[in-house]
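# Per-entry structural report
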Amino acid sequence: MIRVLLVDDHAVMRAGFRMILEAAGDIEVVGEAGDGRAAVEAARTLQPDVICMDVQMPDMDGLEATRRIVADAGIAASVVIVTTFDRDDYLFQALSAGASGFLLKNAGPEELTSAVRLAHSGEALLSPSVTRRVIARFASTATEPAASLPRETDAAPRLPVELTEREVEVLRLLAQAMSNGEIARELYIGEATVKTHVSNVLQKLGARDRVAAVVWAHRYGLA
């Protein structure tokens, strides 16, 4: 079972999410919180696998709560932002804070359950359109001077870590928001092999999840 913590200041919204998720059969809602501060405490106590986090809440908003949860070594949960507002600034801040995905509240039930499963498995939660909207902003705010970053046309981008040729291929496809299954079909390899390569890439990059790896790929000209 995938253990989920629901964080939203509207009890009716939490009740709706609980009904949808628990109907999936493989998801268990282990707790709820009505603000960001309570969410951080609940995450420490309940140790969920995935946290569905609203943005606008009293006392502490979801973005600050996400920062604290991601920075807490005692919490291993992935955070999925679930918000009413389709705003680039929220999206950018959420991913900067360490969220593993971004979902609008008008998404269908299948999208919500899929988002939870993807977050739990480490898959990407950004559609290609969202990736294009936001990753450019990450790349433009990289800590290295823009002039020192490799261009997309570079035959061999200068990478700060040692990746094998296959790992570079996998990272390029991750940057296109491909799933493990899509990468497997693209490279004519098994999905289990893709999972191994993705795991190795994340470890070498020191990336928390696939979203962080996508940001890394765009920063260093692999996209």
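Note that this is a predicted model, so its numbers are computed, not measured. (Residues numbered from 1 in each chain as written. Predicted model: local features only at pLDDT ≥ 70, side-chain atom pairs only at ≥ 80, totals over all residues. Heavy atoms only, no water.)

### Comments concerning unusual backbone geometry
Phi at Gln47 is positive, roughly 50 degrees, even though this residue is not glycine. Examined against the element boundaries, Gln47 turns out to sit in the loop between helix 2 (36-46) and strand 3 (50-53). Taking relative accessible area as the criterion, Gln47 reaches 33% and is therefore assigned partly exposed. In this model, Tyr188 sits at a positive phi of 60 degrees, which is unusual for a non-glycine residue. (Helix = DSSP H or I, 4+ residues; strand = E, 2+ residues; numbered from the N terminus. Buried < 20%, exposed > 50% of the residue type's maximum accessible area, 1.4 Å probe, protein only.)

### Digging into the nonpolar core
Ranked by internal contacts, the top residues of the largest apolar core, which has 26 residues, are Val7, Ile51, Met53, Ile69 and Ile81. For this core, the elements supplying multiple residues, two or more each, are strand 1 (2-7), helix 2, strand 3, helix 3 (62-71), strand 4 (78-83) and helix 4 (88-97). Not counting residues within four places of it along the chain, the set of residues in contact with Ile69 comprises Ala39, Val40, Ala43, Ile51, Met53, Ile75 and Val79. If you look at the next biggest cluster of nonpolar residues, it comprises 22 residues, including Leu174, Leu187, Val201 and Ala207. (Core = buried A, V, L, I, M, F, W, Y, C linked by side-chain atoms within 4.5 Å. Contact = heavy atoms within 4.5 Å.)

### Structural notes on the sheet that holds strand 3
With respect to topology, 5 strands assemble into an open sheet ordered 2-1-3-4-5, the strand pairing being parallel. Each edge of the sheet is formed by a strand with only one pairing partner; in this case those strands are strand 2 (27-33) and strand 5 (101-104). Taken pair by pair, the neighbouring strands of this sheet meet at an average axis angle of 25 degrees, ignoring direction. Note: strand 1 against strand 3, 4 bridges, orientation parallel. Across the sheet, Leu5 pairs through a bridge with Ile51, a residue of strand 3. Its contacts with the sheet put helix 1 (residues 11-22) on strand 1, strand 2 and strand 4, and the angle it makes with strand 2 is roughly 165 degrees. Helix 5 (residues 109-121) contacts strand 1, strand 2, strand 3, strand 4 and strand 5 of the sheet and is inclined by roughly 135 degrees relative to strand 3. (Pairing = 2+ DSSP bridges. Axes fitted to C-alpha atoms, helices over the stretch in contact; angles between N-to-C directions.)

The values are spatial; any link to function lies outside them.
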